[in-house]
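Chain and residue survey
Chain residues, written in single-letter form:
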Amino acid sequence: MKLNYFKFFEVFHYLWEDIKAIYRNDPAARGLEVILYPSLHAMIFHRLICHPLYGLRLFFLARLFSQISRFLTGLEIHPGAKIGPGFFCDHGMGVVIGETAEIGKNCVMFHGVTLGGTGKHKQKRHPTIGDNVFIGTHSTLLGPIYIGDNVKIGAETVIVNRDVPSHCTVVGTPGMIVKRGEKKIHPPESLPLSEYRFKEMYYEEENKKNFNEYFFYGDGI
C-alpha cells in the first residue's frame, strides 16, 4: 500500500487552519488556551485517526475511535464525514455530523447542531455545506441538501429537503431567507426545494400513475 505523502502533510495543514479558525472566531482564545478546545481535539481524532481508518475500510476501528472522541469531546462526527480546513465548533457539545456530510473550508458551528439524514436515503443522505458558512446553536439540517457559500443560519433553524442559495441569511422553523447579501428580505422568502426532492416527487408521481393504470385500467381488477 502506497503512502500518499501529499495527503499526509495536507492533514497537518488542515489542523493548522483549524487552530487559526479558533483564534479568528473566538475572542476568548488567548495564548495556549487553544489546545484546550474540544473542537480541536475532535479534529485531531477525525483527521489523524478516524477518517484515514475509514478510507482504509477499517470501519470498526474508525467507529471505535470516533466513539472515544465523542466521549472525550461531546462531538459525534462519523469517520466518513469530509471536513475542510479552518473548521471551528464553539463549545461543541451535542453536535452530530453524519457519514456522508461534507463541510467546506472556514465553517463555524455551535453546540447542538445536527447534520443528519431523513431516514429515506441509502447513499448520499446528509447535507453538503459550502465555504464560509455559519450555523447557529441547535440548528437542524436534514437530508442530502446543499448549503451555499457565505451562508448564515440562525440558532434553532430547521431545514429539511430545502437548499440554501449562497450569500443568504436563514432563520426560523422552517428556515426562511431574511437576507440576501446586504439586502434584507421582507416578508421572508421560502427556501427552494432541493434537486433530489424534485426527483423524488417525480418518481413518486410516476409510481402513483403506474399503480393507478395497473389497478384501474389494467389487470389489477
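Above this note sits the structure.
So, a few notes on the structure that sits alongside this text. (Residues numbered from 1 in each chain as written. Predicted model: local features only at pLDDT ≥ 70, side-chain atom pairs only at ≥ 80, totals over all residues. Heavy atoms only, no water.)

1. Regarding the sheet that holds strand β5 (residues 102-103)
We count it as follows: For two strands to be treated as a pair, DSSP must find at least two bridges joining them. Secondary structure elements are defined from DSSP: runs of H or I of at least 4 residues count as helices, runs of E of at least 2 residues count as strands, and each element is numbered from the N terminus.
In spatial order, the strands read β2-β5-β8-β11; together these four strands make up an open sheet with parallel pairing. Two strands close off the open sheet at either side, each with one partner strand: β2 (82-83) and β11 (146-147). Pairing analysis gives two bridges linking β5 to strand β8 (residues 128-129), with the strands arranged parallel. Bridging from a neighbouring strand, E102 pairs with T128 of β8.

2. Side note on unusual backbone geometry
Geometrically, the link from T173 to P174 is a cis peptide bond, its omega value of 0° lying close to zero. Here P174 is to be found in the loop between β14 (168-171) and β15 (176-180). Note the cis peptide between H186 and P187, where omega equals 0°. As for its position among the elements, P187 is in strand β16 (residues 183-190). One non-glycine residue, N106, adopts positive backbone phi at about 60°. Within the secondary structure layout, N106 lies in the loop between β5 and β6 (108-110). Phi is positive for N161, close to 60°, though the residue is something other than glycine. Tracing the sequence through the fold places N161 in the loop between β13 (158-160) and β14.

3. Points about the pairing of β14
With two bridges connecting them, strand β12 (residues 152-153) and β14 associate as parallel partners. In the strand pairing of β14, K152 is matched with T169. Pairing geometry for β14 and β15, over four bridges, is antiparallel. When the sheet's bridge partners are listed, C168 is paired in β15 with R180. Between the antiparallel neighbours β14 and β15 lie four residues, among them G172 with a positive phi of about 100°.

4. Here we look at the side chain of E99
Heads up, the rule is: Each residue gets one of three labels from its accessible area relative to the maximum for its type: buried under 20%, exposed over 50%, partly exposed in between, using a 1.4 Å probe on protein chains only. Two N or O atoms form a polar contact when they lie within 3.5 Å of each other; inside protein one atom must be a possible hydrogen donor and the other a possible acceptor, and for residues adjacent in sequence the pair counts only when both atoms belong to side chains. Note on definitions: a residue-residue contact is assigned when non-hydrogen atoms from the two residues lie within 4.5 Å.
Residue position: E99 is located in the loop between β4 (96-97) and β5. A relative accessible area of 19% places E99 in the buried class. A polar contact of 2.4 Å, which involves the side chain of E99, links it to the side chain of Y54. Ignoring sequence-local partners within four residues, the contact set of E99 consists of Y54, H78, G80, A81, R125 and H126.

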